[in-house]
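Structure at a glance
The primary structure of each chain is shown beneath.
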Amino acid sequence: MSLQNPKVGFVSLGCPKALVDSERILTQLKVEGYDIVPTYDDADVVVVNTCGFIDSAVAESLDAIGEAIAENGKVIVTGCLGKRPEEIRAAHPGVLSISGPQDYSSVMSAVHEVLPPKHDPFIDLVPDYGLKLTPKHYAYLKISEGCNHRCSFCIIPSMRGDLVSRPVDDVLREAERLVRGGVKELLVVSQDTSAYGVDTKYAEREWRGKAYQTRMKALCEGLGELGVWSRLHYVYPYPHVDDVIPLMAEGKVLPYLDIPFQHASPRILKLMKRPGAVDKTLERIQRWRSIAPDITLRSTFIVGFPGETEAEFEELLDFLDEAQLDRVGAFAYSPVDGAAANALPDAVPEEVKQERLARFMDRQSEISEAKLAAKVGTIQRCLVDAIDGDLAIARSMADAPEIDGVVQIQNGFEAGLKVGEFVDVEIMGSDEHDLYGEVPFND
Ligand code: SF4
């Protein structure tokens, strides 16, 4: 019998939710004594965790599967694209097994079949917070899977199903373990964070001797007990989002909301099957700012949705002027295979979509730049992500990893900063995305 552990290669594609799935599978593989290896040559089998969100992600996933088959030959496919097995089999008939997102047990059974485990789980050591693909000081915390909405441009509900929330004590225990393992920032992710717990009827559970509801507000209260940064992503604009703003003002969770508004024309929002009361949205944004003046608002928009007129697009530009959002991502509408919106009439021509996208980004970049410039002269609490020569690369409370800007600390090395450390930084300059500053030294 070989003394070597069986070896698995792993390719992880897709969004933070898929990343969490990858972390769970990798943790289980490690628990069962598999080695995770970085090359196709060394691997006895390769797992590819795919994404199927937009056409380019499907193509990327199919390419990754093809490469793994060419280089290794034994390939297990999982993740969002796994919901469309016929497409995978048509391109790559040789894959060993296909499963959908979050189907950890199917992945493990497929691995067992090709490569039986060889070890005793009681003596192999894995940290109790599991294996993470993010740096040691921040981690994604997945609170639910699936979505009860049916936005007409989105196929996630058909791939991942209706909302299934994890019980709040389970989530808080995982958060606690991550913090024990050195995590300083928790990034709460789901398809729809504000719907958290609806499917459980807000079931009450106990954590640290206190009752908490499985609900966004109670989750934030619990996370606030952990003394690290907690950041809320993918918050659907429901009215009860208002409930967490006071917790942001109290410093329980970061004053940061990633809240996709998608559009500002009531008619387009209706076609998108999204909440359409734009005046109320603007009022609420003002109210949030009066309660938590430092709140950072990040949002996402789609331009060139089918039927969008020039006047409706201009409504969107006016909304940007009024809302003064800090960070904005935008996409030109692109039809996703299987999305209801594809059946809508009056598709916007590609060149018009691109022209609108450019105008949209121009308008917003002026706003984002001015928002950043207003921070020059302030002191911002930052979390150090990396040391790069003399610089420390950090993020303020306003910056989520990967998607927002950074704070470049010019004297980071001299100040002896370390990755994963919090530090107060005096902001001395800004550009369209980033801030520049120094750690003030006391004379
Ligand atoms: S809320 Fe998000 S995940 Fe749910 S259907 Fe809409 S876009 Fe898709």
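For every chain, the first residue of the written sequence is number 1, and numbering continues from 1 along that sequence. In keeping with the model being predicted, local features are shown solely for residues with a pLDDT of at least 70 and side-chain atom pairs are shown and tallied solely at 80 or more, while totals for entire chains, interfaces and linings include all residues. Water and hydrogen atoms were dropped before computing side-chain values, which therefore reflect all heavy atoms in the structure.

An unreviewed UniProt entry annotates the chain as Ribosomal protein uS12 methylthiotransferase RimO originating from Lysobacter daejeonensis GH1-9. Within the UniProt record for the chain, the comment given under Function (unreviewed entry) is "Catalyzes the methylthiolation of an aspartic acid residue of ribosomal protein uS12." UniProt positions are given in the numbering used here, feature names are shortened, and annotations may be inferred rather than shown by experiment.

With respect to the UniProt feature "domain: MTTase N-terminal" (unreviewed entry) in the chain
The sites that UniProt annotates as "domain: MTTase N-terminal" (unreviewed entry) are residues 6-116. Helix and strand assignments follow DSSP, with helices taken as H or I runs no shorter than four residues and strands as E runs no shorter than two, numbered in order from the N terminus. Summarising residues 6-116: 46% helix, 20% strand, and an end-to-end C-alpha distance of 8 Å.

A closer look at the UniProt feature "binding site: [4Fe-4S] cluster 1" (unreviewed entry) in the chain
When the UniProt feature table is mapped onto this chain numbering, "binding site: [4Fe-4S] cluster 1" (unreviewed entry) sits at Cys-15, Cys-51 and Cys-80. Taken along the chain, the residues just named run across 66 residues; in space they keep tight, none of their C-alpha pairs more than 10.2 Å apart. Mapped onto the secondary structure, Cys-51 falls in the loop between strand E3 (45-50) and helix H2 (55-71). Judged by its relative accessible area of 15%, Cys-51 falls in the buried class. Aside from chain neighbours lying at most four places away, what touches Cys-51 is Leu-13, Gly-14, Ala-57, Val-58, Ser-61, Cys-80 and Leu-81. Among the structural elements, Cys-80 can be located in the loop between strand E4 (75-79) and helix H3 (85-91). Contact partners of Cys-80, with chain neighbours within four places excluded, come to Thr-50, Cys-51, Gly-52, Pro-101, Met-159 and Arg-160. The buried label applies to any residue whose accessible area, calculated with a 1.4 Å probe on protein chains only, is under 20% of its type's maximum; exposed applies above 50%, and partly exposed to all values in between. The contact criterion used is simple: two residues touch if any of their non-hydrogen atoms lie within 4.5 Å.

Some thoughts on the pattern of salt bridges
The term salt bridge refers to a side-chain nitrogen of Lys or Arg lying within 4 Å of a carboxyl oxygen of Asp or Glu. Going through the model one piece at a time under the given rule, you end up with 31 salt bridges. Salt-bridge contacts for Arg-166 lead to Glu-174; the nearest nitrogen and oxygen are separated by 2.6 Å. Comparing Arg-166 with Glu-174, the two get one shared label, buried. Through salt bridges with shared partners, a single network forms among Glu-308, Glu-310, Glu-314, Glu-355, Arg-356 and Arg-359.

Let's talk about the sheet that holds strand E17 (residues 391-396)
Adjacent strands of a sheet pair through backbone hydrogen bonds, lying either parallel or antiparallel. The criterion for strand pairing is that DSSP finds at least two bridges linking the strands in question. As summarised here, the arrangement of the 5 strands in space is E16-E17-E18-E20-E19, forming a closed barrel in which the pairing is mixed. Adjacent strand axes in the sheet meet at a mean angle of 50°, parallel and antiparallel pairs treated alike. Both strand E16 (residues 379-388) and strand E19 (residues 422-430) contribute to a ladder of 5 bridges, which runs antiparallel. Residue pairing for E19: Gln-380 is matched across the bridge by Val-425. Here an angle of 0 to 180 degrees is reported between the N-to-C directions of two axes, which are lines fitted to C-alpha atoms, with helices fitted over the stretch in contact.

Quick notes on the state of the cysteines
Sulfur atoms of two cysteines make up a disulfide when they are within 2.5 Å. Tallied over the full model, the rule gives 0 disulfides. Of all cysteine sulfurs in the structure, the one in Cys-51 sits closest to Cys-15, which takes part in no disulfide; the separation is 6.1 Å. Look at Cys-15 and you get partly exposed, because its relative accessible area is 28%. The thiol of Cys-220 is unpaired, and the distance to the nearest cysteine sulfur, on Cys-147, comes to 18 Å.

Description of a negative patch on the surface
A surface patch of like charges, here negative, comprises Asp-41, Asp-42, Glu-60, Asp-63, Glu-67 and Glu-71. With respect to the helices and strands, the residue Asp-42 is situated in the loop between strand E2 (35-37) and E3. Its relative accessible area of 42% is what places Asp-42 among the partly exposed residues. Exposure above 30% relative accessible area and the lack of any salt bridge qualify a residue for a patch; like charges then connect within 9 Å, and the nonpolar side chains Val, Leu, Ile, Met, Phe, Trp and Tyr within 5 Å. Residue burial considers only the protein chains on display, and all accessible areas are found by Shrake-Rupley using a 1.4 Å probe. Neither His nor the chain ends is counted toward charge; the positive residues are Lys and Arg and the negative residues Asp and Glu. In plain terms, the charge of a residue is placed at NZ if it is Lys, CZ if Arg, CG if Asp and CD if Glu.

Looking at the domain arrangement of the chain
Where each domain starts and ends follows an automatic or database-derived domain assignment. As assigned here, the chain comprises domain 1 (7-114), domain 2 (138-374) and domain 3 (378-438). For domain 1 versus domain 3, the distance between C-alpha centres works out to 36 Å.

Things to note about the sheet that holds E2
Here 5 strands make up an open sheet; going across it, the order is E2-E1-E3-E4-E5 and the pairing parallel. The strands lining the two open edges of the sheet, one partner per strand, are E2 and strand E5 (97-98). Relative to E3, strand E1 (residues 7-12) runs parallel, the two being bridged by 5 bridges. Of the residues in E3, the one forming a bridge with Gly-9 is Val-46. Strands in contact with helix H1 (residues 16-31) are E1, E2, E3 and E4; relative to E1, the strand with the most contacts, it is inclined by about 175°. Running over the sheet, helix H4 (residues 104-114) touches E1, E3, E4 and E5 and is turned about 175° from E4.

Section: the site of the ligand
In this text, near means that some heavy atom of the residue lies within 4 Å of the molecule or strand in question. In the vicinity of the ligand, the contacting residues are Cys-147, His-149, Cys-151, Phe-153, Cys-154, Ile-156, Pro-157, Gln-191, Tyr-236 and Arg-274. Lys, Arg, Asp and Glu make up the charged group, whereas Ala, Val, Leu, Ile, Met, Phe, Trp, Tyr, Cys and Pro make up the nonpolar group; the residues left over, Gly among them, are polar. For the shell around the ligand, the residue count by class is 7 nonpolar, 2 polar and 1 charged.

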